[in-house]
Amino acid sequence: MRKPIIAGNWKMNNTAQQGVTLVKELKPLVSNAACEVVVCVPAIDIPAVAEALKGSNIALGAQNVHFAEKGAYTGEISAEMLKDYGVKYVIIGHSERRQYFGETDETVNLRTHAALNAGLIPILCIGETLAERETGKTEEVLDRQIEQGMKGIDDISKIVIAYEPVWAIGTGKTATAQQANETIGYIRKKVAQTFCPKCAEKVRIQYGGSMNAGNCKQLMAMEEIDGGLIGGASLKSADFSAIVHYDAQGLKLDKDLL
Ligand code: 13P
């Protein structure tokens, strides 16, 4: 059984003080969650949010990590520095980092190894753009991101994979539950071929892209989908807690999702 994992990605939102207010609201709302709950916060918010999360069931995540242990990398943050504040998860290879900050499968791979070596759990993001989907390249892109981005990982079940179709991020355009399930099923098959079938059965694969209180139940009901990576809807405690309690939501009668 794979334990579902719902993670918020705040992106570049919330000062430390705003972040503390948000998690203080969130704590009682999700204290009885059946799934694992994570908030991935801006690096500078980590000390204050770590303190505010003490004694709660919410795990702390970061949004990036540098691949070197230490050294002359001005402006960067190492895995050890994150560990020092009790960070458990780290998002690696988000499409926004690939798009705006020159992230490649090679640097994703280096960061993933650095995170694992330090005992952090990578949430490794993969996904195709709209142009790639429309030209039938989705599987080719995912194959490359898996083969190169995950190269050399001993036990793939130690990471979390987030499937985030780029065209669904921040657009309000969710992949249908069937589309997301099918593509995540493909990712699992590719992971089984590239690594091992047993590990592929164990690895948790999240869906990300305009997931919200209205569509989470349908997405989470899908066999292959083990969680969500939530952007916009993680910025309000009521919205995020509704997703954490996805089973309690009404089904959205949206023809796109049926
Ligand atoms: P939205 O939920 O805002 O579409 O963002 C998804 C995402 O990029 C999470 O990492």
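Now for a look at the structure at hand. (Residues numbered from 1 in each chain as written. Predicted model: local features only at pLDDT ≥ 70, side-chain atom pairs only at ≥ 80, totals over all residues. Heavy atoms only, no water.)

## Describing the pattern of salt bridges
Condition: Note on definitions: salt bridges are taken to be side-chain nitrogens of Lys or Arg within 4 Å of carboxyl oxygens of Asp or Glu. Helix and strand labels come from DSSP, where a helix needs a run of H or I of at least four residues and a strand needs a run of E of at least two; each type is numbered from the N terminus. When a residue's accessible area, from a 1.4 Å probe over protein chains only, is under 20% of the maximum for its type it is buried; when over 50% it is exposed; and in between it is partly exposed.
This structure, assessed with the given rule, holds 13 salt bridges. Its salt-bridge partner being K88, residue E36 comes within 3.6 Å of it at the nearest N-O pair. Remark: K88 occurs in the loop between α3 (79–84) and β4 (89–92) and E36 occurs in strand β2 (residues 36–40); sequence separation between them is 52 residues. Overall, the relative accessible area of 16% leaves E36 in the buried class.

## Overview of the site of the ligand
So the rule is basically this: We call a residue near a molecule or strand when any one of its heavy atoms sits within 4 Å of it. Polar contact is defined as a pair of N or O atoms within 3.5 Å, subject to the rule that within protein one atom must be able to donate a hydrogen and the other to accept it, and that residues adjacent in sequence are counted only when both atoms are side-chain atoms. Every accessible area reported is derived by Shrake-Rupley at a probe size of 1.4 Å, with residue values counting cover from the shown protein chains alone. Gly falls in the polar group here, along with every residue not listed as nonpolar (Ala, Val, Leu, Ile, Met, Phe, Trp, Tyr, Cys, Pro) or charged (Asp, Glu, Lys, Arg).
Residues in contact with the ligand, as listed here, are N9, K11, H94, E164, A168, I169, G170, G209, S210, L229, G231 and G232. H94 has a polar side-chain atom sitting 2.8 Å from an oxygen atom of the ligand. Expressed as a share of its isolated accessible area of 310 Å², the protein-covered part of the ligand is 94%. The residue makeup of the shell around the ligand, split by class, is three nonpolar, seven polar and two charged.

## Comments concerning the sheet that holds strand β5 (residues 121–126)
Inclusion rule: At least two DSSP bridges between two strands are required for those strands to pair. Axis angles are defined between N-to-C directions and span 0 to 180 degrees, where every axis is a line fitted to C-alpha atoms and, for a helix, only to the segment in contact. It only takes one pair of heavy atoms within 4.5 Å for two residues to be counted as in contact.
Taking strand neighbours around the barrel as the criterion, the eight strands line up as β1-β2-β3-β4-β5-β6-β7-β8 in a closed arrangement whose pairing is parallel. In this sheet, neighbouring strand axes are inclined to one another by 25° on average, regardless of whether the strands run parallel or antiparallel. Examined bridge by bridge, strand β7 (residues 204–208) and strand β8 (residues 227–230) share two bridges and lie parallel to one another. Within β8, the position partnered with G208 by the bridge is L229. Running at roughly 170° to strand β3 (residues 58–62), helix α2 (residues 46–53) makes contact with β2 and β3 of the sheet. Along the sheet, helix α11 (residues 237–244) makes contact with β1 (5–9), β2 and β8, crossing β1 at roughly 160°.

## With respect to the nonpolar core
Stated formally: What we call a nonpolar core is a set of buried Ala, Val, Leu, Ile, Met, Phe, Trp, Tyr and Cys residues that are connected through their side-chain atoms within 4.5 Å.
In this structure, I6, V39, L60, M150, I161, I187 and Y207 are the most contacted members of the largest nonpolar core, which totals 65 residues. Among the elements that take part in this core, helix α8 (residues 177–194) stands out by supplying six residues, more than any other. Among residues more than four places away in sequence, those in contact with I6 are C35, E36, V37, V38, M220, G227, G228, I230, F240, I243, V244 and Y246. Grouped together as the second largest cluster of nonpolar side chains are 13 residues, I5, A7, C125 and V160 included.

## Notes on the packing of helix α1 (residues 16–30) against α2
The condition that has to hold: Here the angle decides the label: under 35 degrees means roughly parallel, over 145 means roughly antiparallel, 65 to 115 means roughly perpendicular, and every other value means oblique. Left-handed is the label given to a crossing in which the near helix is rotated counterclockwise from the far helix by less than a right angle, and right-handed is the label when the rotation is clockwise.
Contact geometry for α1 and α2: axes closest at 9 Å, N-to-C directions at 20°. Accordingly, the angle class assigned to the pair α1 and α2 is roughly parallel. The hand of the α1/α2 crossing is right-handed. Between α1 and α2, the contacting residues are A16, G19, V20, V23 and K27 on the first element and A48, V49, A52 and L53 on the second. The residue inventory of the contact of α1 with α2, partitioned by class, reads seven nonpolar, one polar and one charged.

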